[in-house]
Amino acid sequence: MIPVLLILVPLLTGLVTFFFKDEKMARSWALLSALLTLIVSLLGLAVLKDPKYLAQQYEWMGSINSSFSVKLDGLGQVLCLLNAVAFPVIFIATWRTPYQKANNFFALMLLMQAGMMGVFLAMDALLFYFFWELALVPAYFLCSQWGGPRRIQVTFKFFIYTFVGSLLMLVGLLYIYFHTKENSFDITAFYHASLTGKEQNWLFWLLFIAFAIKMPIFPFHTWQPDTYEQSPTATTMALSGVMVKMGIFGMLRWLFPVLPDASFQWGDTVSTMAVTGMIYASLIAIRQDDLKRLVAYSSIAHIGLMCIAIFSVNNIGMQGVMIQLFNHGINIIGLWIAIELIERQFGTRKLSELGGLAQKAPGLAMLFVIIALANIALPLTNAFVGEFLMFTGIFSSKATYYNVWLTVMAGLCIILAAVYTLNMVRKVFYGNTSVAVANGRDIRFNEKFVLGVIVIIIFWLGIYSQPFLRITEKVSADITNGILQKNEVIQFLRK
Amino acid sequence: MPVNYYIFLCLALFCIGIVGVLTRRNAIIIFMCIELMLNAVNLLLVAFSKMHHAANAAANATAGTDGQLFVFFIMVVAAAEVSVGLAIIVMMYRNIHSVDVNFLNRLKH
Amino acid sequence: MQNALHIAWLIPLFPLLGFLVNGLGRKYLSKPVIGVIGSGVILASFVMSIWVFMQVKNGNTHIAEYFNFINAAGLKIPFAFQLDQLSSLFLLIITGVGFLIHVYSVSYMHEEKAEHFGRYFSYLNLFVFSMLLLVMGANYVILFIGWEGVGLCSYLLIGYWFKNDEYNKAANKAFIMNRIGDLAFLIAIFWLIAKTGTVSFDVLFSMNGITKLSQADITIITLLLLAGATGKSAQIPLFTWLPDAMAGPTPVSALIHAATMVTAGIYMIARSNILYSLSPFTMHVVAIIGLATALLAATIALKQNDIKKVLAYSTVSQLGFMFLALGTGAYVAAVFHVMTHAFFKALLFLGSGSVIHAMGGEQDIRNMGGLSKKLRITYITFLIGCIAIAGIPPFSGFFSKDAILLSAFEDNKILYGVALFTALLTAFYMFRLLFITFSGKFRGTEEQEHHLHESPPAMTIPLVILALLSIIGGWIGIPEALMNGGDKITEFLSPVIPVATGEAVSHSTEYGLMALSTGLVLAAVLLAWLQFRNYQRREATGLGKVLENKWYVDELYEKVIVNPLRWMGGFLNSIIERRLIDAIVNGVGRAVNYSSRQLRLLQSGQVGSYILLMVLSILLVFVFQFFLRK
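Definitions and cut-offs
- Residues numbered from 1 in each chain as written.
- Chains lettered and ligands numbered in written order.
- Predicted model: local features only at pLDDT ≥ 70, side-chain atom pairs only at ≥ 80, totals over all residues.
- Heavy atoms only, no water.
- Helix = DSSP H or I, 4+ residues; strand = E, 2+ residues; numbered from the N terminus.
- Rg over C-alpha atoms; globule rule 2.2 N^0.38 Å.
- Buried < 20%, exposed > 50% of the residue type's maximum accessible area, 1.4 Å probe, protein only.
- Contact = heavy atoms within 4.5 Å.
- Areas by Shrake-Rupley, 256 points an atom, 1.4 Å probe, with all protein chains shown as cover.
- Lys, Arg positive; Asp, Glu negative; His and termini not counted.
- Charge placed at Lys NZ, Arg CZ, Asp CG, Glu CD.
- Expected span 1.5 Å × (residues − 1).
- Pairing = 2+ DSSP bridges.
- Phe/Tyr/Trp six-rings, centres within 6.5 Å; stacked < 30°, edge-to-face > 60°.
- Axes fitted to C-alpha atoms, helices over the stretch in contact; angles between N-to-C directions.
- Parallel < 35°, antiparallel > 145°, perpendicular 65-115°, else oblique.
- Nonpolar A, V, L, I, M, F, W, Y, C, P; charged D, E, K, R; others polar.
- Salt bridge = Lys/Arg side-chain N within 4 Å of Asp/Glu carboxyl O.
- Buried area = accessible area lost by both parts, 1.4 Å probe.
- Polar contact = N/O pair within 3.5 Å; in protein donor to acceptor, adjacent residues only side chain to side chain.

Peer 1: Go over the overall build of chain B, please, and point to the residues and values.
Peer 2: Along its length, chain B carries three helices and zero strands. Shown N-terminal to C-terminal, the secondary structure of chain B runs as helices and strands in the order α-α-α. Taken over C-alpha atoms, the radius of gyration comes to 18 Å for chain B, far larger than the 13 Å a tight globule of 109 residues would show. Burial statistics for chain B: of 109 residues in total, 26% are counted as buried. Long-range contacts, defined here as pairs at least 24 residues apart, represent 59% of the contacts in chain B between residues at least 6 apart. For chain B, the exposed area adds up to about 7600 Å²; of that, 72% sits on carbon and sulfur atoms. Looking at charge distribution, chain B has the averaged site of its 6 positive side-chain charges lying 12 Å from that of its 4 negative ones.

So this is what it looks like as structure tokens:
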């Protein structure tokens with residue numbers, strides 16, 4: 001019941017939103033819908049915890065053995081909660097941002113939410129693919145209709161990247177489908193598909209590239225800074241806060257358990273790519289002048305760490321990834337909100353044109369600094385717990401020989417993160433007020449409220465993250481042990 | 001008469017039709033060429049059905065008649081098509097005061 | 001029944017509350033209220049700390065577990081406090097000295113606007129909170145939380161006057177340099193988890209934990225921890241942030257240098273003494289780094305002209321001494337020196353603050369001189385501080401430094417020689433500072449001379465208290481040679497830091513060493529008096545110039561590390577990202593675009609050409625069907 005509601009609420013309300021004429025109405029309706037989704041998601045988390053409420057299966061396309069099968073497990077719960085928290089926050093934070101044809105904008109946003117919900121809930125490969133595309137299509141329109149001056153070119157790039165990825169994934173999924181017993185799209189059938197080592201190898205790359213583009217990791221990342229920069233900020237928040245998690249999620253649910261041997265064998269290659277990407281993105285971030293691009297590159301670095309942690313196949317690290325998915329989403333949405341506020345208040349988001357904001361907007365400065373510090377994983381903020389667990393996992397990994405080196409190289413990014421984050425804070429908030437800033441003022445109450453909520457979540461999960469760790473305990477252990485058991489022989493030989 | 005003669009005759013008619021369609025610019029002539037191609041095929045159908053009938057008449061008295069029937073159908077459809085086609089040509093003439101198909105290059109845009 | 005010490009969570013809670021109240025309410029509270037709250041919470045912690053100390057002194061130690069900070073997949077890290085001899089001693093130092101600095105700040109910062117005044121005190125409270133977390137943590141992770149916390153607070157306080165971009169850069173530098181050390185610390189923690197599965201002190205330092213570590217593990221872990229400590233405690237190679245940290249208000253410098261932050265590294269190594277003792281190699285490295293830092297910083301301090309910079313380098317140098325002590329196995333001596341150093345360095349910094357206050361913000365000692373007449377209390381207390389740091393008996397610095405020198409002597413004669421030489425330099429530059437500042441003629445402007453005044457009681461009373469402590473603070477560690485049972489601190493700390501059972505030097509040698517160091521120090525003081533009692537401004541040349549420019553270490557780092565990194569960032573951004581990867585992606589797009597433009601030419605719109613194409617294609621199919629398909 002819960003999973004179906006989670007998908008239907010945004011889907012139906014989203015379709016209805018198209019017909020609203022009044023901008024205010026569309027806005028309120030969208031916010032209401034997002035809040036409703038949040039309530040449903042919390043219900044599933046706290047009240048209706050019985051498994052019978054959390055899984056559902058309907059006939060869909062019987063002839064090809066695909067069913068509408070959705071389930072809310074630990075991993076899904078974390079991500080659905082993130083998705084459900086993100087949208088109300090986004091809507092409140094951008095309450096005053098004007099949009100042309102607001103009804104279409106909000107309708108597409110809600111459809112995107114529905115699509116992402118579906119991705120996190122689907123237990124059927126065809127359904128998964130369906131929702132994957134459903135989440136992407138609104139994103140194209142949002143970016144190309146409401147984006148910045150270079151939007152057409154950028155959307156084109158975004159489209160090519162993600163479309164190539166999606167097609168590769170479709171080919172991979174179909175190939176696996178034909179190698180399951182009785183040709184079924186069901187997830188358990190996929191988990192037991194009979195594939196030779198060679199088939200696994202190239203299937204791995206088909207699926208991996210699709211997910212890697214979405215995450216994104218080096219060198220499939222160049223769509224991201226451009227898209228984040230050109231999209232309307234509300235869309236950027238949804239993209240970076242929630243949608244990039246689809247890539248990680250896809251790896252956890254559809255790549256690792258399906259192709260355990262290949263995932264295990266390609267671990268070192270992927271980790272090397274990811275760690276290169278981390279350092280690469282961090283170094284580039286140091287030189288960015290645009291706030292949005294800076295945060296975009298920092299996001300690439302953070303996602304890279306998650307990727308390494310996944311491929312280190314370690315239970316501690318895996319749990320770290322799962323809670324970090326949530327934490328990173330919250331933090332980066334907070335950063336985007338702050339950037340949106342800066343841009344709206346002061347008319348620019350160039351580091352070189354900003355300065356001395358702390359004098360004009362002390363409230364914003366305080367909240368922004370807290371979120372920025374959470375982004376670089378200072379202890380007692382949420383990201384610390386996640387990154388600590390991930391690093392521990394990477395270091396203790398038995399899946400690779402290079403665990404120490406990976407830790408050290410990825411650790412360098414902790415330092416680089418401090419460099420670019422503090423530079424950003426210094427240039428934006430400290431020093432003397434610049435011309436652009438001179439006429440600004442502090443943010444309004446509702447904006448403070450949203451950022452305040454995010455800060456509270458940051459501290460709450462930074463100090464006491466047990467609830468999340470408990471939710472993800474089982475699913476993480478399942479994934480890790482599944483791979484480790486299948487690869488016991490390989491491991492034995494390696495030793 | 002061997003069926004080969006019919007085939008060659010039909011082929012010749014059909015090719016004349018094609019060449020006519022390709023080379024002429026007057027819509028009415030093109031239209032006539034199309035009809036010519038259609039009738040070439042009709043003739044072929046009749047010829048084959050006769051041949052069929054001659055070969056199987058002993059076993060099946062009605063063998064090959066379906067081909068003849070088919071031709072009637074095609075002629076009916078062709079008649080309908082002619083009326084539509086001529087209507088289009090008339091409309092075309094009203095619009096551009098010419099029946100030269102080279103003026104009809106709107107598909108490019 | 002629960003141990004009485006379980007309520008020790010109150011100790012860090014008070015400063016945290018102070019932080020929240022002052023931080024959130026800074027716009028609504030008046031300055032006196034902020035001051036009272038800010039200092040009051042630290043006083044409350046101090047009172048609690050005294051109670052804890054008495055409990056511990058009576059033999060009651062306790063590990064208080066509150067909740068699970070992390071409990072995932074077999075890794076359990078409780079949020080727990082360890083209350084034992086070492087932490088209770090540090091609690092006293094932090095809250096005690098911290099309280100005096102808070103009181104002093106109320107008066108020192110009185111010109112700030114209420115809003116910024118509140119911000120200042122909230123940061124100060126947070127600083128103390130983090131430091132308390134650091135020393136109370138019962139495992140490396142909780143310790144690390146405090147560890148990063150003090151780094152953050154130092155960042156916030158150094159950049160307190162955020163309108164000045166130089167200060168902000170100093171703040172960034174402090175934080176980033178600390179983070180470099182923190183990374184090493186983190187890796188050490190991961191290493192411990194990977195090998196032993198725990199980070200709790202009580203398990204790690206028992207046979208259960210130690211036996212899971214090989215000799216190589218211990219050496220690497222201790223080296224990594226050391227790297228972490230060099231960041232926080234400003235040792236070679238990560239020491240350059242500390243002198244720049246003078247950008248913050250003077251009481252902050254006192255707090256960073258005396259009570260919190262820089263002592264963290266010493267505390268951490270003293271806490272891990274069991275691991276360190278098992279790795280002789282690391283011990284040598286610690287001793288050499290410590291001594292090299294002490295010497296380097298002392299030479300730089302000789303030629304500095306900023307009153308706070310001299311003190312900053314003296315801190316770096318004294319920390320080097322403490323590392324030397326740690327490296328030679330004299331953990332108690334290191335902790336002892338932390339304590340005495342906290343007293344006299346806080347005194348010296350607050351004294352210098354009083355001077356700067358009187359001079360209206362002037363920090364260059366070349367523009368001072370003859371202040372002893374106008375600033376009596378400051379002068380006397382400053383003099384006491386100098387005597388204490390120089391190590392003249394019976395002031396506190398003598399006893400702790402003597403313990404360090406003795407331990408160096410037992411370890412290695414060369415170490416001892418260099419250490420002694422550094423101690424002489426210390427005496428020399430401290431008294432140089434004293435004489436240039438307080439004796440001779442006043443060299444500042446008329447206006448400054450007119451403005452000169454002694455500071456208000458809120459500033460002088462802490463000075464007097466600290467001066468008193470600087471005199472008597474050393475008396476809890478009088479060597480056995482001088483007084484039987486005088487070495488109370490070793491005895492007190494013995495449950496945490498086992499007493500070395502090695503062969504001690506004879507009492508007569510000890511007397512000789514004490515006499516030697518005291519005599520030489522007095523000679524150094526005399527030399528300083530001769531040279532600087534009537535100081536005249538001179539430009540430094542030759543080696544002096546190199547020293548004045550701090551051996552050009554900052555410039556070296558800038559050229560070797562910072563610039564290449566910036567260059568790399570630029571290169572990757574403009575060449576690889578734009579010209580390579582993006583070009584490939586855009587190239588694909590452009591190729592598709594181009595080919596479609598070419599193909600479009602076929603669509604002429606002429607029905608005839610379409611039909612021709614159709615016919616040709618059909619012919620082609622026929623040809624293919626009949627002739628090529630064989």
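Peer 1: Give a description of helix 9 (residues 215–232) of chain C that names residues and reports values.
Peer 2: All names here are of chain C. In a regular helix each residue adds 1.5 Å, so 18 residues correspond to 26 Å; helix 9 covers 26 Å between its end C-alpha atoms and thus fits that length. Buried residues dominate helix 9, accounting for 13 of its 18 residues. A234 sits one or two residues past helix 9 and shows a positive phi near 55°.

Peer 1: Any chance you could break down the pairing of strand 1 (residues 55–61) of chain A for me, citing the residues and the numbers?
Peer 2: All names here are of chain A. Across six bridges, strand 1 lies against strand 2 (residues 66–71) in antiparallel orientation. Considered in strand 2, the bridge of E59 is made with S67. Turn length for the strand 1-strand 2 hairpin, with the two strands adjacent in sequence and antiparallel, is four residues, and the turn residue N65 shows positive phi of about 60°.

Peer 1: Any chance you could break down the packing of aromatic side chains for me, citing the residues and the numbers?
Peer 2: To describe a pair of aromatic rings, one takes the distance between the centres and the angle between the planes. Residues and elements named next belong to chain C. Using the criterion set out here, one finds 74 aromatic pairs over all chains in the structure. On the basis of an interplanar angle of 70° and a centroid distance of 5.0 Å, the ring pair of F90 and Y267 is categorised as edge-to-face. One end of the pair, F90, is in helix 3 (residues 85–108); the other, Y267, is in helix 12 (residues 263–271), with 177 residues separating them in the sequence. On the accessibility criterion, F90 (1% relative accessible area) is buried. Of the residues examined, Y267 reaches a relative accessible area of 0% and is grouped as buried.

Peer 1: Tell me what's going on with the packing of helix 5 (residues 140–158) of chain C against helix 6 (residues 165–196) of chain C, and back it up with residues and numbers.
Peer 2: All names here are of chain C. Direction vectors running N to C along helix 5 and helix 6 enclose 170°, while the axes themselves pass 8 Å from each other. Between helix 5 and helix 6, the interaxial angle falls into the category roughly antiparallel. Along its contact with helix 5, which presents Y140, V141, L143, F144, W147, E148, G151, L152, Y155 and I158, the element helix 6 presents Y167, A170, A171, N172, A174, F175, R179, D182, F185, L186, I189 and L192. Here the contact of helix 5 with helix 6 is composed, by residue class, of 17 nonpolar, two polar and three charged.

Peer 1: How would you explain the pattern of salt bridges if you had to name every residue and give the values?
Peer 2: Evaluated as defined, the whole model comprises 22 salt bridges over all chains. A salt bridge links R27 of chain A to E23 of chain A, with the shortest nitrogen-to-oxygen separation between them at 2.7 Å. Highlighted residues: R27 of chain A and E23 of chain A, both in helix 2 (residues 23–47), separated by four residues, approximately one helical turn. Classification of R27 of chain A as buried rests on a relative accessible area of 5%. When its relative accessible area of 32% is taken as the criterion, E23 of chain A is described as partly exposed. One salt bridge connects D182 of chain C with K232 of chain C, and the closest N-O pair in it is separated by 3.9 Å. Residue D182 of chain C is found in helix 6, and its partner K232 of chain C is found in helix 9; the two are separated by 50 residues along the sequence. Comparing D182 of chain C with K232 of chain C shows no difference in burial state: the two are buried. Members of the salt-bridge network, linked through shared partners, are R150, K157, D226, E229 and R293 of chain A.

Peer 1: So what's going on with the interface of chain A and chain C? Which residues, and what values?
Peer 2: Each partner contributes residues to the interface: chain A has 61 residues there, and chain C has 53 residues. Across the interface of chain A and chain C, roughly 5100 Å² is buried in total on both sides, 72% from carbon and sulfur atoms. Contact with chain C buries area across many residues of chain A, yet R287, F388 and R426 of chain A alone supply 12% of it, more than any other trio. Where chain A meets chain C, there are one salt bridge. The closest approach of N and O atoms between R426 of chain A and D165 of chain C, which form a salt bridge, is 3.0 Å. Where chain A touches chain C, the interface holds six residue pairs in polar contact (both at pLDDT 80 or more). For the side of chain A that touches chain C, the element with the highest residue contribution is helix 19 (residues 403–429) of chain A, accounting for 14 residues. In terms of residue class, the side of chain A that touches chain C is made up of 39 nonpolar, 16 polar and six charged.

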